[in-house]
Every structure is written in C-alpha cells, then in structure tokens.
Number of protein chains: 2
Amino acid sequence: MKVRMFLKQAWDMGANDPRKVIHCIKVGLALTIVSLVYFMRPLYDGVGGNAMWAIMTVVVVFERTVGATLYKCLNRVCATCLAGFLAVGVHWIASQSGDRFEPFVVGASIFILASIATFSRFIPSVKSMFDYGAMIFILTFSIVAISGYRVDKLFDLAHQRISTIIIGTSLCILVIMLVCPIWSGQELHSLTVRNMDKLSDSLDGCVRQYFTNSNGEDDQKLQGYKCVLSSKASEESMANFARWEPSHGRFNFRHPWKQYLKIGASMRSCAYCIEALNSCINSENQAAESIKKHLSTSCLKVSSSSSSAIKELAESVKKMNKSPTIDLLVEEMNSALEELHNDLKSLSHLLNPSTTAENQISATGLVPFMEIIPVVTLASILIEISVRIEALVGSVEELVKESEMKDKIVAKGEKPEGTMKALQRV
Amino acid sequence: MKVRMFLKQAWDMGANDPRKVIHCIKVGLALTIVSLVYFMRPLYDGVGGNAMWAIMTVVVVFERTVGATLYKCLNRVCATCLAGFLAVGVHWIASQSGDRFEPFVVGASIFILASIATFSRFIPSVKSMFDYGAMIFILTFSIVAISGYRVDKLFDLAHQRISTIIIGTSLCILVIMLVCPIWSGQELHSLTVRNMDKLSDSLDGCVRQYFTNSNGEDDQKLQGYKCVLSSKASEESMANFARWEPSHGRFNFRHPWKQYLKIGASMRSCAYCIEALNSCINSENQAAESIKKHLSTSCLKVSSSSSSAIKELAESVKKMNKSPTIDLLVEEMNSALEELHNDLKSLSHLLNPSTTAENQISATGLVPFMEIIPVVTLASILIEISVRIEALVGSVEELVKESEMKDKIVAKGEKPEGTMKALQRV
C-alpha cells in the first residue's frame, strides 16, 4: 500500500512537470554517451585507463539548468588545471628534498593548501562564484601531489585527469544546451512574473473576500503570497547560476540578473503586509457592518487598482519593456488612495459631535469605537501596501532600463558571446 | 589595494568566528592523515593502487557539522555497497549475453538506472534523506558496470572501491567527532534561542522608540527581526542534518528537531507583524501627540510584557524545561492587552459626543480623526502580535514536552545510541 502511494506520488510529479522526466533522460543519455569512451579502444588507451574520471565528471556536474552545469564545468576545469600545475610543481620541490623529507613536504603542502582553500569557501564573494572550484582544487591537488610518491609518470596522470575532465565537461555542456535546455535565467524570469501575478491575486482576493463576505474565492489564490515569502533562496541561487549563462532567448549575457533579486525583495516587502492584512481579516474583533460598508467602495478601489498595477508590472517584466499604462495605473491607485483618505476622514463624522447632524451614516446610530478599529487597521495597511507597490514599480523600471542598456551595447557589436549564440542556433 | 581589502575581510571573518578556522584545520588534518595510506606500503598494496578514492571521499564528505558529515558518510557507504552489488550482477548478466551484446546490455542498464535514480532525487522525501546517496549510486554503478568491460578483476575493483570509501568515511567521522565537533543540532538550538532574543529585542525596541521618541535605541537591535525572517532555509537544513546525529550534550538521538521548524515558523509569523509595525512607525502620517500619550502607557506595557514572554520562552528553550513563570507572563500580557483595549475604548470619548464632558483628554481639544489612525493601527498590530506569541508559547511547550518524553524513553534504556555516547566520551 505504502509503496503504491509512493509510486503514485512519483508518477503525479512526473506528469505535472514533464521537464523533470526530460532531465532524467538527459542524465541517462549523457552517461551512456560517455560510456562509449570505455568501449572505444583508441579513446580508452588515450586516457590510460583513467576513463572513469570522465564518467565521474558527468555524474557530478550534470545539473538541471544550463547555468548550474556551466558553473560547475568551468569551475571544475579551471580548478583542475590550476591544482594540477601546482601539484606538479610541489612534487618537483619535494623530489629535490630527498627521499626522507619527501612525504613531509608533500604532507605539509596538502595541509596548508587544503586549509586555505577551505577557508576561502567561507568568504561570501568566493563562495558565490567558486565554491565548487575550491573543492575540486583540494581534490585534484591532493590526488596529484600524493600520487607523485607512487606513480612514476606524474605528468601523465595530471594530463590524463585534465583531458578526461575536459571530455566529460564538454559532453555535459553539449547535452545540456542542445537537448531541451532549461535556463536558470529564464526560470528566474518566469518565477518573478509568476510571483507578481500571485501577489496581485492574493491582494485583490483578500480584500474582496473581506468586504463582500463571499467565500467563493479560491483559497489557493488567496494564499499565493506565501510563495513570494518563501522563494528568496531559490531566487538567489538562480540569479547566481544565470550569470554563467550565454545569451539565450531574449536575455543577453550579463543581463541584469541582480536586479531580479531587488524586485524579489520589494515583492516580499509587499507580501509581509499582505500577511498582516490577512491576520487582520481573520481577527476575532469583527468590524461593524455600517463601517465596513462606508469604507468598502474606496478600499476595494485601492485594492483593485493596486493589484492591476502589480499585474501590469508582471506584464512589463514579461515583455521586458516599459509599460505604457503603468504611470496611469499608479495615478489611478493614488486617486483611489485619496478617496480612501477622504472616506477615513468622514468616518470621524460618525463620532465627532460637530458634524453628526449633517451626516447620513450617523443615522444608523453611533458605532462603538472598538468596532471601527479592524477596518481602520485594514485601510492603513492597504495604504502601506500601495507605498510599497510604488517601490516595486521603481525596481521594475530599473530592470527594464538596465536591460535595454545592455541590449544597446550588444547591438553595437561589443558582445563576446557571438559564438555561444551561433552554437545555440545549431 | 583591493587584495589588501580582501585579505583584511578574510582575516576579520576568521577572527570573528574561530570555529571556521578550526574547521579548515580539521580538513587539512583529515587529508594529511588519509595521505598516510599512500605512504604506507601495506595499506597501499591492500587497496590495489586505488587509494585515491579514500582521498576523494575525505574531500567530498567532510562538512562543517557532524550531522552533515554523517549524512554524507552513511549515504556514500550504503549507496556504494548497493550500487557495487548491482553492478556486479549486471556485469554477470551482460557477460552471459555474448561479446556482441555486452556493451548494449551495460549501456541500457546504465541509462535506465541513472534515469530512475535521478528522478528519485526530485521526490521530496527521498531528497531530504538520500539526495547524496542517489548521486553516489549512479556514480558507482556506472563506474563498476562499465569497468567490467575492461578490468578483468571486477570483483576486486568493487571491493577496493568499497574498502577505500570505508577508510575515508571512518577517518572523517573520527576527526569530525573528536576534534572540536560542531553539531547541527546544537547549532539549530542556539540559532532558535538567539532568534527569539532578537525578536524580543526588536519588538520592545520599536515600540519604545516610537512612544518615547528616543533615537538612542541601537539600530542593529531594532533590525534583529530581519534575521528571523531570513533564517528559514538554514533552519531546515540544520534540522535535516541533526536527525543523523547521535546523542550529544543534552540532546538525545531522535530529539524532536522537527519541532524547531514549527517554532521557527511561529517566530517568523511574529516577525511579519513586527515588519508591519515598523512600517507603521516610519509612516508619514504622524499621530497626534495627545493620542500617543493616551495610549503610550498601555502599549508600552503590552510590548514589554510580550517581549519578556518571548525572552522567557528563549530561556525555556535554552534550558529545555517548562518555564515556571511563562503562564504568569502570558497572564500579564493579557492583562496589559485588556488595559490597551480599555484605553482604545476610552479613545472614543475624545470624539464621542456623549462622554466628552467627563473626559480629561478632551480638554486638550478635538483631534482630527486621521491623526488617530497610526496609533490605532499600531495598537491593533500589537494585539495581533500577542496572539501570535501565544501560538509561539504553544509550540515551545510542545517541544519541551516531546523532548522530556524522549528523555524518559532513553532513561528506560531503550536507546540504540549507547555506543555513540561512549565514543564521544573517549
């Protein structure tokens, strides 16, 4: 029974996201191709029986996205070369120092270099770019330096290790880029657009549900903002990998990926407020119906205009150009805010002695102050959300501007990634 | 200049957290010890020149915490054994099918098993426990199965791979557990306590700064809640690794680590509200001084009693026993809330015509309704925070209860980790 459940769960996962299945097939494909190295005598002899390094390379560097794979491949190749040369140098020094001291020199060099490389992995700037490379550096250096003590043809070993790794990484790069490539950059882009849509839906849905007392809203839609709250880590790793990717689709090499992180942070700051909004909607203190009615028009206007501003921003990010209507929508949002301000002010008429007589609402009788609080809180959180949406507008505009600037630079022909683009067209 | 800056930054990092430096030294130490395998002839001959597997094992499985290292070690050993046996089996089948079909059988088996193992890494329950194992499975299976085609003594290869890996992993486990061990569980525990303290400080600091208009508050203290917002990912990975750790310090094997994640979620839900509180403090709409004064006593009481409740919870988690005073503190918080409620009610006297005469505050003149809004919002967010603190109290009590239950079970002698404990005492 449990096994069946597990299999059903796995099947559903595959059916929901066929790209995962494609990735698995790609891994199988790459591994099968690299096995050919074993089966072909000339290639096998060429790397002196060290063909397993190529297999190992494929297994460890093959990641789901192009960016992650390129990051690992480039790190692996560079670190291996660097460590290989260093190790050959250390071996030469050690062999000069006589048989007795050789193990000590080698041991000490391994201890020192491994410690330093490990330490460098803690430094944030190194970690984000070369974490994997530092590990491979330690690995290759230790293996090659120590092997010098036993393997006579040390230079051959270093050379074989480097060539098998190059065989493995080139194969990985070819497979990952030619067979249904998944780009980190594209993923980050879609995630950002998707999250904006979710944010807009939850904002509008929450406020509408509160004021119209309808339970017809899709609960999953209302909870959409929670995805925004929890996507920081994945955004960061995708932006990190996207930097390694050549130009693909509409994204050039050096597309302003970092700006997506800023947009993500702005979205999260909106989502925090929606959290607070939600709690105020679900709070025990229920507001008086008359007050709710009084503010409902303007609150609904604010929420619908803010959410359509977010929707428009999503569209603008999607198409990667400045939206022509966003200024209009922000203006609309601000005028809705103005209206909400006025409604809030007139709320005091309900209680303020100086104006009771001339006010319609007061005809319904005085409302206890406590019953005003939830609606007032909701309104002021809505106001805060619109302030944060303006910040979001700013960061999206910056992204569009920066990306257009990059486009211009590339159009001028100052691009180093022409070959990469040609490769993609194959 | 830049290099100097970089070095200074690295030095500061080391000086601030000496444990990072110790970790680096541990990596160097483990690697140097494993190199001895190369220098000692009997050991080297024993593993037939495949000693580099032991070095590789040390480099890739040595992590900062005991839990992460154990997770990788156990995964690596189990996956290697499983894959080794399977590969020998597949090789036997392939060799029965004749020279011509052998490469195809091997290739097909690699393709199928690699695809399935890759797919399993996407399933959340497998990912959290066996992600690394699945990768090692693919690696070992491919290497051993393919080597069958060229290496005559396949069984020897499988045996050597397993024994070198066991040498490497045992060495790692010894070094990581005996030389200044850093436990994931202990780290998670301290992080939780630290985050609670930060939450309490920011809550109290924000409200105090608002009502006393003092700028003397430490800005870093006020921003402490942001650490709570961003520590979800690290909490999850630590809880994941802590499961692999034997009993250490006051924590038994199978300590309820998952409960820490619940506490973390409760803390984050408080932190979201503090975010909203902060934005309401920094908003442009400033409240009238008279209103601020009217509510300041009760708001300050609520915030200080809530923050001392959180402090007490932190203490309770730290000592891992039910705090004797927490109920009292929650009661105090509730009575402060009651007071705030009354103050809020009496706020209406300021505006409500029926009671103006008998109220002192109204003597200062009528306050525009808009100037009440910020304080009212702040007060209702404070009320919401205290609701969430009660949820936090609940999850902390659950943790303490579960941990006491585990302690009792262990005290009864039903523990499988006696040997591990003995090992630690060495």
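Residues numbered from 1 in each chain as written. Chains lettered and ligands numbered in written order. Predicted model: local features only at pLDDT ≥ 70, side-chain atom pairs only at ≥ 80, totals over all residues. Heavy atoms only, no water.

For chain A, the name recorded in an unreviewed UniProt entry is Aluminum-activated malate transporter 10-like, with Gossypium armourianum as its organism. As stated in UniProt under Sequence similarities (unreviewed entry), the record for chain A gives "Belongs to the aromatic acid exporter (TC 2.A.85) family." Heading Subcellular location (unreviewed entry) of the UniProt record for chain A holds this comment: "Membrane". (UniProt positions renumbered as here; feature names shortened; annotations may be inferred.)

A. Summary view of the overall build of chain A. Counting secondary structure elements, chain A contains 17 helices and zero strands. Counting across all 426 residues of chain A, residues that qualify as buried make up 54%. A separation threshold of at least 6 residues defines the contact pool for chain A, and within that pool the share at least 24 residues apart is 80%. Counting only carbon and sulfur atoms, one obtains 61% of the accessible surface of chain A, whose full area is about 19000 Å². (Helix = DSSP H or I, 4+ residues; strand = E, 2+ residues; numbered from the N terminus. Buried < 20%, exposed > 50% of the residue type's maximum accessible area, 1.4 Å probe, protein only. Contact = heavy atoms within 4.5 Å. Areas by Shrake-Rupley, 256 points an atom, 1.4 Å probe, with all protein chains shown as cover.)

B. Looking closely at the packing of aromatic side chains. Inspection of every chain in the model, using the stated rule, returns 13 aromatic pairs over all chains. Ring centres of B:Tyr210 and B:Phe211 lie 5.1 Å apart, and the angle between their planes is 80 degrees; on these two criteria the pair is classed as edge-to-face. What makes B:Tyr210 buried here is its relative accessible area of 4%. Here a set of aromatic residues connected by ring pairs shows up, and it is made of A:Tyr71, A:Phe241 and A:Trp244. Over the ring of A:Trp53 we find A:Arg161, and its NZ or CZ is 4.2 Å from the ring centre. (Phe/Tyr/Trp six-rings, centres within 6.5 Å; stacked < 30°, edge-to-face > 60°. Lys NZ or Arg CZ within 6 Å of the ring centre and 35° of its normal.)

C. Seen up close, the packing of helix α7 (residues 124-147) of chain A against helix α4 (residues 52-61) of chain B. Where α7(A) meets α4(B), the axes come as close as 10 Å, and the angle between the chain directions of the two elements is 155 degrees. Relative to α4(B), the element α7(A) is oriented roughly antiparallel. Judged by the sense of rotation from one axis to the other, the crossing of α7(A) with α4(B) is right-handed. Touching A:Met135, A:Ile138, A:Leu139, A:Ser142, A:Ile143, A:Ile146 and A:Ser147 of α7(A) are B:Met52, B:Ile55, B:Met56, B:Val59 and B:Val60, all from α4(B). Here the residues of the contact of α7(A) with α4(B) sort into 10 nonpolar, two polar and no charged. (Axes fitted to C-alpha atoms, helices over the stretch in contact; angles between N-to-C directions. Parallel < 35°, antiparallel > 145°, perpendicular 65-115°, else oblique. Left-handed = near helix turned anticlockwise from the far one by under 90°. Nonpolar A, V, L, I, M, F, W, Y, C, P; charged D, E, K, R; others polar.)

D. Structural detail: the UniProt feature "transmembrane region" (unreviewed entry) in chain A. Residue and element names in this part refer to chain A. Mapped onto the present numbering, the UniProt feature "transmembrane region" (unreviewed entry) falls on residues 21-40, 46-62, 74-93, 105-123, 130-150 and 162-184. Helix and strand shares over residues 21-40 are 95% and 0% respectively, and the end C-alpha atoms of the span are 29 Å apart. Taken end to end, residues 74-93 is 100% helix and 0% strand, and its two terminal C-alpha atoms sit 29 Å from one another.

E. Up close: a nonpolar patch on the surface. Residues and elements named next belong to chain B. Among the surface-exposed residues, Leu29, Ile33, Leu36, Met40, Leu174, Leu178 and Val179 lie close enough to one another that they form a single nonpolar patch of about 530 Å² accessible area. Counting residues per element, the ones that place at least two in the nonpolar patch are α2 (18-39) and α8 (154-178). Take the nonpolar patch: its biggest share by element is three residues, from α2. Tracing the backbone shows Leu29 in helix α2. Classification of Leu29 as partly exposed rests on a relative accessible area of 33%. (Patch = residues over 30% accessible without salt bridge, like charges linked within 9 Å, V, L, I, M, F, W, Y side chains within 5 Å. Salt bridge = Lys/Arg side-chain N within 4 Å of Asp/Glu carboxyl O.)

F. Region of interest: the interface of chain B and chain A. Facing the 78 residues of chain B at the interface are 78 residues of chain A. Counting each side, the surface lost to burial between chain B and chain A is near 7300 Å², with a carbon and sulfur contribution of 79%. Put simply, chain B and chain A have two salt bridges between them. One salt bridge connects A:Glu275 with B:Arg388, and the closest N-O pair in it is separated by 2.9 Å. Run the count over chain B and chain A and you get six residue pairs in polar contact (both at pLDDT 80 or more). The dominant element in the side of chain B that touches chain A, judged by the number of residues it contributes, is α2(B), at 13 residues. Split into classes, the residues belonging to the side of chain B that touches chain A amount to 49 nonpolar, 20 polar and nine charged. (Buried area = accessible area lost by both parts, 1.4 Å probe. Polar contact = N/O pair within 3.5 Å; in protein donor to acceptor, adjacent residues only side chain to side chain.)

G. Just the relation of the copies chain B and chain A, in detail. Aligned on chain A, chain B shows an RMSD of 0.0 Å; the corresponding rotation is 180 degrees and the shift along the axis is 0.0 Å. Given the turn and translation reported, the copies of this chain are related as if by a two-fold rotation axis. When the interface residues of chain B are mapped onto chain A, 100% of them again lie at the interface, so the same face is used by both copies. (Least-squares fit on C-alpha atoms with pLDDT ≥ 70 in both.)

H. A look at unusual backbone geometry. All names here are of chain B. Its identity as a non-glycine residue notwithstanding, Cys180 has a phi of 35 degrees, on the positive side. Among the secondary structure elements, Cys180 is positioned in the loop between α8 and α9 (184-212). Residue class for Cys180 comes out partly exposed when judged on its relative accessible area of 43%. Of note in the backbone geometry, Arg254 takes a positive phi value of approximately 65 degrees without being a glycine. Mapped onto the elements, Arg254 comes out in the loop between α12 (232-242) and α13 (257-281).

I. Highlighting the confidence of the model for chain A. Residue and element names in this part refer to chain A. When the pLDDT values of chain A are averaged, the result is 84; 88% of them are 70 or greater. Averaged over each element, pLDDT in chain A is lowest for helix α17 (residues 418-425) (46) and highest for helix α12 (residues 232-242) (92). Segment residues 352-364: pLDDT under 50, and 14 contacts once partners within four positions in sequence are set aside and those in other chains are kept. In this model, residues 414-426 is a region of pLDDT below 50 whose contacts with residues beyond four sequence positions or in other chains number 17 contacts. (pLDDT = per-residue confidence, 0-100.)

J. Just the domain arrangement of chain A, in detail. Residue and element names in this part refer to chain A. Taken domain by domain, chain A holds domain 1 (15-178) and domain 2 (185-421). At the junction of the two partners, domain 1 supplies 12 residues and domain 2 supplies seven residues. Here domain 1 meets domain 2 over a buried area of about 940 Å², counting both sides, of which 68% is carbon and sulfur. Taken together, the links from domain 1 to domain 2 amount to two salt bridges. With a shortest N-O distance of 2.9 Å, Arg19 and Glu187 are connected by a salt bridge. Where domain 1 meets domain 2, there are four residue pairs in polar contact (both at pLDDT 80 or more). Secondary-structure elements contributing two or more residues to the side of domain 1 that touches domain 2 are α5 (66-96) and α7. Sort the elements by how many residues they give to the side of domain 1 that touches domain 2 and α5 lands first, with seven residues. Classifying every residue of the side of domain 1 that touches domain 2 gives seven nonpolar, three polar and two charged. (Domains from an automatic or database assignment.)

K. Spatial organisation of helix α4 (residues 52-61) of chain A. A large share of α4(A) lies buried, amounting to 10 of its 10 residues. Taken together, the buried positions of α4(A) are occupied by A:Met52, A:Trp53, A:Ala54, A:Ile55, A:Met56, A:Thr57, A:Val58, A:Val59, A:Val60 and A:Val61. Here the buried face of α4(A) lies against α2 (18-39), α5, α7 and α8 (154-178) of chain A together with α4 and α7 (124-147) of chain B.

L. Quick look at the environment of B:Lys292. All names here are of chain B. Tracing the sequence through the fold places Lys292 in helix α14 (residues 289-319). Residue class for Lys292 comes out buried when judged on its relative accessible area of 5%. Along the primary structure Lys292 and Lys311 are separated by 19 residues, whereas in three dimensions their C-alpha atoms are 26 Å apart. Apart from the residues lying within four places of it in its own chain, the contact partners of Lys292 are Tyr210, Phe211, Asn213, Gln286, Ala287 and Val375.

M. Region of the structure containing the nonpolar core. Counting 141 residues, the largest nonpolar core has A:Met196, A:Leu344, B:Met196, B:Leu277 and B:Leu344 as the members making the most contacts within it. In this structure, B:Leu277 is in contact with B:Leu203, B:Cys206, B:Val207, B:Leu378, B:Ile381, B:Leu382 and B:Ile385, ignoring residues within four places of it in sequence. Listed in part, the 104 residues of the second largest apolar core include B:Val59, B:Leu70, B:Ile110 and B:Val175. (Core = buried A, V, L, I, M, F, W, Y, C linked by side-chain atoms within 4.5 Å.)

N. Region of the structure containing the environment of A:Trp183. All names here are of chain A. Among the structural elements, Trp183 can be located in the loop between α8 and α9 (184-212). Judged by relative accessible area, Trp183 falls into the buried class, the value being 10%. Sequence-wise, Trp183 and Pro246 are 63 residues apart; in three dimensions their C-alpha atoms are separated by 9.7 Å.

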